Amino acid sequence: MITAAELLTVPEVMARLKLGRSTVYDLIRSRRLVSITIGRSRRVPADAVRDFIADRIEEAA
C-alpha cells in the first residue's frame, strides 16, 4: 500500500531529477512519468521516479 510519504509533489520531483517544472510536466503529459491527481494537486509516486530513472539508464546502456 502506498503511503502519503511516497507521493511526491512536482517541486519534489523537480529537485530529485534536477529538471525544470515544464520538463516534469512534459514527462507527465507524455506518460513517461506516472502521476495521479488528488483534487487539483498532481502527485508522483516515488516508485515512478525510480522506474523513470531505471528506464533512462537502460536506454542509455
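It should be noted that the structure appears before, not after, this text.
Model, not experiment: these values are computed from the prediction. (Residues numbered from 1 in each chain as written. Predicted model: local features only at pLDDT ≥ 70, side-chain atom pairs only at ≥ 80, totals over all residues. Heavy atoms only, no water.)

### Concerning the pattern of salt bridges
- Tallied over the full model, the rule gives three salt bridges.
- Note that Asp 26 and Arg 29 form a salt bridge whose closest N and O atoms lie 2.6 Å from each other. Remark: Arg 29 and Asp 26 occur in helix α2 (residues 21-29); sequence separation between them is three residues, near one turn of the helix.
- Under the relative-accessibility criterion, Arg 29 is labelled exposed at 59%.
- Ionic pairing is found between Arg 50 and Asp 47, a salt bridge with its closest N-O pair at 2.2 Å. Of the two residues, Arg 50 and Asp 47 are both situated in helix α3 (residues 46-60); the distance of three residues between them amounts to about one turn of the helix. (Salt bridge = Lys/Arg side-chain N within 4 Å of Asp/Glu carboxyl O. Helix = DSSP H or I, 4+ residues; strand = E, 2+ residues; numbered from the N terminus. Buried < 20%, exposed > 50% of the residue type's maximum accessible area, 1.4 Å probe, protein only.)

### Considering the pairing of strand β3 (residues 41-45)
- Note that strand β1 (residues 7-8) and β3 share two bridges and pair antiparallel. The residue bridging Leu 7 from the neighbouring strand is Pro 45, located in β3.
- Two elements, strand β2 (residues 36-38) and β3, share three bridges in a ladder whose sense is antiparallel. Each residue of the ladder has a partner; that of Ile 38, found in β3, is Ser 41.
- Between β2 and β3, which pair antiparallel in sequence order, lie two residues; one of them, Gly 39, sits at a positive phi of approximately 65 degrees. (Pairing = 2+ DSSP bridges.)

So yeah, pure geometry; function would need other evidence.
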